[in-house]
Protein chains: 2
Amino acid sequence: MSTTVTKAQIDARLIMPFVNSTRNVLQTMLGLATTIDRPRIKSVPAPEYDYSAIIGFSGQIVGVVVVSFRRETAIKMVNAFAGDEVEPDSSDFSDAIGELANMIAGAAKKDLGGVASISVPTVILGKGHIVARPSDIPCMVIPCKTEAGEFAVEISIKQA
Amino acid sequence: MSTTVTKAQIDARLIMPFVNSTRNVLQTMLGLATTIDRPRIKSVPAPEYDYSAIIGFSGQIVGVVVVSFRRETAIKMVNAFAGDEVEPDSSDFSDAIGELANMIAGAAKKDLGGVASISVPTVILGKGHIVARPSDIPCMVIPCKTEAGEFAVEISIKQA
């Protein structure tokens, strides 16, 4: 990872906690093994998604973490999470997507080395939407692969 | 307002600071007078937007505030904010949308009566996207009208 994560871009110590928490949450809550590709600086134009869960960080760590899925992957993951079929356009569905992101961010927060608080999740539904962050915080993408499909954890945080 | 904002739904004291800050920020930064319609509980299905700026609250006030625009309104407002034409798909454009939301949320925060911190703004771009919040926090919509068009400030916060 050291070849892609440079100090000037984003501190690797802010990324690894999310790699670990993503793997742990998916294994524990969904029974899914996750293959994590090398984190990379988010490119423009970015891939587009159908569902994104957004968690804000404030305190000694500021920024935002976004977990994004295409529709088919989101459906498989939410059904695995709920242990039942959940209607994709229901509030239960967006709550489940938000809760997965909340678990990933919450578990990572403990290892970030600062006192930070996280916001409740907001979930975006919309075919091919794009998530833009303040351009003064670099965004690292953690590409994740599972049997249920691919998804991305996108991290735009820095020490305040 | 007392007919639509009941204690069981959301505390009016959490809404008025946003009514005031929206009006002040638009007048000061954009030179736009804003007509504020009666705040109402967000209905389902909700109106769809093209741009949404999302700000998370944490601390003694938790939740999320979203400022949403249709494309034509966003373009007029950003150009008024920048004092120049800004390319709608540029990072300058989403930064400007985010900064407007940040000013509205930041000014309101002081009057909310609690110690809270706000996250950096995240801006969603996507025709007809929907923003879902955790279903356990009610969402109040403040419908806003200006010469540049209509937009909405959507408030889903509560005291922690």
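From a predicted model like this one, the values you see are computed outputs, not experimental measurements.

With that out of the way, let us pick up the nonpolar core. Soluble globular proteins tend to pack their nonpolar side chains together in the buried interior. With 110 residues, the main nonpolar core has Leu100 of chain A together with Leu100 of chain B as its most contacted residues. For leucine 100 of chain A, the contacting residues outside a window of four places in its chain are Val25, Ala53, Val67, Met77 and Phe81 of chain A.

Contacts between the two partners involve 31 residues from chain A, matched on the other side by 31 residues from chain B. Elements with a minimum of two residues in the side of chain A that touches chain B: β3 (49–59), β4 (61–69), α3 (91–109), β5 (116–118) and β6 (122–132) of chain A. Ranked by residues supplied to the side of chain A that touches chain B, first place goes to β6 of chain A with 10 residues. Its residues placed into classes, the side of chain A that touches chain B shows 15 nonpolar, 14 polar and two charged. Relative to strand β6 (residues 122–132) of chain B, β6 of chain A runs antiparallel, the two sharing six bridges. Considered in β6 of chain B, the bridge of alanine 132 of chain A is made with valine 123 of chain B.

Next up on the list: the pairing of β6 of chain B. All names here are of chain B. Most of β6 sits out of view: nine of its 11 residues are buried. Where strand β3 (residues 49–59) meets β6, five bridges bridge the pair, whose relative direction is antiparallel. When the sheet's bridge partners are listed, tyrosine 49 is paired in β6 with histidine 129.

Another point: the relation of the copies chain A and chain B. Each of the two chain copies can be generated from the other by rotation about an axis followed by a shift along it. The two copies are related by a screw operation: chain A maps onto chain B through 180 degrees of rotation and 0.0 Å of translation along the axis, at an RMSD of 0.0 Å. The operation mapping one copy onto its partner corresponds to a two-fold rotation axis. When C-alpha positions in chain A are compared against the rotation axis, the closest is assigned to glycine 56 of chain A, at 2.7 Å. When the interface residues of chain A are mapped onto chain B, 100% of them again fall at the interface, so both copies present the same face.

The rules behind these values
- Residues numbered from 1 in each chain as written.
- Chains lettered and ligands numbered in written order.
- Predicted model: local features only at pLDDT ≥ 70, side-chain atom pairs only at ≥ 80, totals over all residues.
- Core = buried A, V, L, I, M, F, W, Y, C linked by C-beta atoms within 7 Å.
- Buried ≥ 20, exposed ≤ 12 C-beta atoms within 10 Å, placed from the backbone.
- Contact = placed C-beta atoms within 7 Å.
- Helix = DSSP H or I, 4+ residues; strand = E, 2+ residues; numbered from the N terminus.
- Nonpolar A, V, L, I, M, F, W, Y, C, P; charged D, E, K, R; others polar.
- Pairing = 2+ DSSP bridges.
- Least-squares fit on C-alpha atoms with pLDDT ≥ 70 in both.

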